[in-house]
Amino acid sequence: MENSPAFGSLAMIQPTWHHVSGSNDRRAGELYQTSLMSALMAGIYDGEATYGQIRKYGDFGLGTFNDLDGEMVGFDGAFYQLRWDGSARPVTGDQKTPFAVVTFFQPEQELEVANQMTKSELLAMIEKATDANLFNAVRVDGIFDEVRTRTVQRQARPFPPLTEATKHQAEKVFTNVEGTLAGFRSPAYAQGIGVAGFHLHFLRQDKQAGGHALDYRLRAGKVQVCTVHNLRVELPTSTEFLKTNFEDQALNQKIKAAEG
Ligand code: ZN
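This is a predicted model, so every value here is computed, not measured.

Details of empty space enclosed by the protein
Turning to step 1, where the next piece is worked out: Inspection of every chain in the model, using the stated rule, returns one cavity of 30 Å³ or more.
Turning to step 2, where the next piece is worked out: What lines the largest cavity is L31, Q33, L62, F99, V101, F135, F184, S186, G194, V195 and H199.
Turning to step 3, where the next piece is worked out: Secondary structure elements with two or more residues in the lining of the largest cavity: β2 (30-34) and β13 (170-186).
Turning to step 4, where the next piece is worked out: Across the lining of the largest cavity, the residue classes break down as seven nonpolar, four polar and no charged.

Let's talk about the coordination of the zinc ion
The textbook angles at a metal center are 109.5 degrees for a tetrahedron of four donors and 90 or 180 degrees for an octahedron of six.
Turning to step 1, where the next piece is worked out: Binding of the zinc ion to the protein goes through H199 (NE2), H201 (NE2) and H212 (ND1), at separations of 2.0 to 2.1 Å.
Turning to step 2, where the next piece is worked out: Taken in chain order, the donor set of the zinc ion reads H-x1-H-x10-H. Taken together, the positions of H199 in strand β14 (residues 197-204) and H212 in strand β15 (residues 210-228) put the pair 13 residues apart, joining distant regions of the chain.

Observations regarding the pairing of strand β12 (residues 135-151)
Turning to step 1, where the next piece is worked out: In terms of residue burial, β12 counts as a mostly covered element, since 14 of its 17 residues are buried.
Turning to step 2, where the next piece is worked out: Direction of pairing for β12 relative to β15: antiparallel, over a ladder of 15 bridges. When the bridges of β15 are listed, R148 appears paired with D215.
Turning to step 3, where the next piece is worked out: Alignment of β12 against β13, held across 15 bridges, turns out to be antiparallel. What sits directly across from F144, in β13, is V177.

Side note on the environment of P90
Turning to step 1, where the next piece is worked out: Note on placement: P90 falls in strand β7 (residues 88-90).
Turning to step 2, where the next piece is worked out: For the pair P90 and K207, spaced 117 residues apart in sequence, the C-alpha separation works out to 8.7 Å.
Turning to step 3, where the next piece is worked out: With residues up to four places along the chain from it excluded, the contact list for P90 reads F79, Y80 and Q95.

Things to note about the sheet that holds strand β9 (residues 100-103)
Turning to step 1, where the next piece is worked out: With mixed pairing, the seven strands of this open sheet are ordered in space as β7-β6-β5-β4-β9-β2-β16. At either end of the open sheet lies a strand with only one pairing partner, and these are β7 and β16 (230-234). Each strand axis lies, on average, 20 degrees off the axis of its neighbour in the sheet, ignoring direction.
Turning to step 2, where the next piece is worked out: Bridge count for strand β4 (residues 60-64) against strand β5 (residues 71-75) is four bridges, and the pairing is antiparallel. From the neighbouring strand, T64 faces β5, where its bridge partner is E71.

As for the side chain of Q109
Turning to step 1, where the next piece is worked out: Counting through the fold element by element, Q109 comes out in strand β10 (residues 109-113).
Turning to step 2, where the next piece is worked out: Classification of Q109 as buried rests on a relative accessible area of 14%.
Turning to step 3, where the next piece is worked out: At a separation of 3.0 Å, a polar atom in the side chain of Q109 contacts the main-chain carbonyl oxygen of A129.

Digging into the nonpolar core
Turning to step 1, where the next piece is worked out: In this structure, L40, Y45, F60, L68, V73, F184 and L203 are the most contacted members of the largest nonpolar core, which totals 27 residues.
Turning to step 2, where the next piece is worked out: Breaking this core down by element, the ones donating at least two residues are α1 (37-41), β4, β5, β6 (78-82), β12, α4 (162-165), β13 and β15.
Turning to step 3, where the next piece is worked out: If you look at the next biggest cluster of nonpolar residues, it comprises 25 residues, including V113, A129, F144 and V147.

Overview of unusual backbone geometry
Turning to step 1, where the next piece is worked out: Residue P158 follows R157 across a cis peptide bond; omega there is -5 degrees.
Turning to step 2, where the next piece is worked out: Note that P158 resides in the loop between β12 and α4.
Turning to step 3, where the next piece is worked out: With phi around 60 degrees, L68 is a residue other than glycine that occupies positive phi space.
Turning to step 4, where the next piece is worked out: If you trace the backbone, L68 turns up in the loop between β4 and β5.

A look at the layout of surface pockets
Turning to step 1, where the next piece is worked out: Estimated volume of the largest pocket: approximately 720 Å³.
Turning to step 2, where the next piece is worked out: Taken together, 36 residues line the largest pocket, and the ones lying closest to its centre are M37, M41, Q191, G192 and V195.
Turning to step 3, where the next piece is worked out: When contributions to the lining of the largest pocket are tallied by element, the ones reaching two or more residues are α1, β4, α3 (119-129), β14, β15 and α6 (249-259).
Turning to step 4, where the next piece is worked out: The class makeup of the residues in the lining of the largest pocket is 21 nonpolar, ten polar and five charged.

Here we look at the packing of aromatic side chains
Turning to step 1, where the next piece is worked out: Summed over all chains, the structure comprises nine aromatic pairs.
Turning to step 2, where the next piece is worked out: Both rings, one in F144 and one in F202, keep their centres 5.6 Å apart while their planes meet at 85 degrees; by these two values the pair is edge-to-face. Residue F144 is located in strand β12, and its partner F202 is located in strand β14; the two are separated by 58 residues in the primary sequence.
Turning to step 3, where the next piece is worked out: With relative accessibility at 0%, the residue F144 sits in the buried group.
Turning to step 4, where the next piece is worked out: Looking at F202, the relative accessible area reads 0%, which means it is buried.
Turning to step 5, where the next piece is worked out: Feature note: the residues Y51, F65 and F79 constitute an aromatic cluster, connected by ring pairs.

Cut-offs applied
Residues numbered from 1 in each chain as written. Predicted model: local features only at pLDDT ≥ 70, side-chain atom pairs only at ≥ 80, totals over all residues. Heavy atoms only, no water. 1 Å grid on protein atoms, 1.4 Å probe; cavity = no way out; pocket = protein on both sides within 12 Å on 5 of 7 lines; lining within 4 Å. Points joined across faces, edges and corners; volume = space filled by probe spheres on them. Helix = DSSP H or I, 4+ residues; strand = E, 2+ residues; numbered from the N terminus. Nonpolar A, V, L, I, M, F, W, Y, C, P; charged D, E, K, R; others polar. Donors = N, O, S within 2.8 Å, 3.2 Å for Na, K, Ca; no water. Buried < 20%, exposed > 50% of the residue type's maximum accessible area, 1.4 Å probe, protein only. Pairing = 2+ DSSP bridges. Contact = heavy atoms within 4.5 Å. Axes fitted to C-alpha atoms, helices over the stretch in contact; angles between N-to-C directions. Polar contact = N/O pair within 3.5 Å; in protein donor to acceptor, adjacent residues only side chain to side chain. Core = buried A, V, L, I, M, F, W, Y, C linked by side-chain atoms within 4.5 Å. Phe/Tyr/Trp six-rings, centres within 6.5 Å; stacked < 30°, edge-to-face > 60°.

In structure tokens, the structure reads:
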């Protein structure tokens, strides 16, 4: 407790990250993803991949379910489905997903947080300790003054784009809650393949509730991070995916200007 939070200012507190001896697990260090965030944005909410298959590529991660039936969060090898009403239940191996990102989580650095931190303070601290141009898996176990989550609602065909679907998302506020935030910090260049920046899902400690984390205030807890430098994307082969136009005019013009 030498870093007394009594003076309040984050600037005065120098976080001390501890290096955790890495593992020899050859499976660690790879991010395995099914489909693309761009495909989800385009309303492709049905995938062929099952969580039974995806579990082979990771014990940690996040995602969604076919028909956009809630959010997935997984850590310590257990995956949960966070449904529209905020409730959670274990994922079964036969459940399918249009988008999921997993890795084998082997923390490389960890930090005990004893002072209260807002979302932006916490994320700024993690940004300092990780590389912006690599993928990082992030896990925060702690007691939160507040966690605000959303969960998407199961959609019916014809599927609306994700920006429409999330207009009807259900939000939930947990106060004085113990639980885990799990997810990733992804590079800016990965926008569209995944979600650039932080993307974290929350599961309450009793594993009965949670959602996609919108905002939170950590009271105390442990932060763990793990660098991921391999990216493996399994692309869909559905007609829906093959026929979607992913052209991004703004990005096209920039790359054409550079590459001709
Ligand atoms: Zn999410």
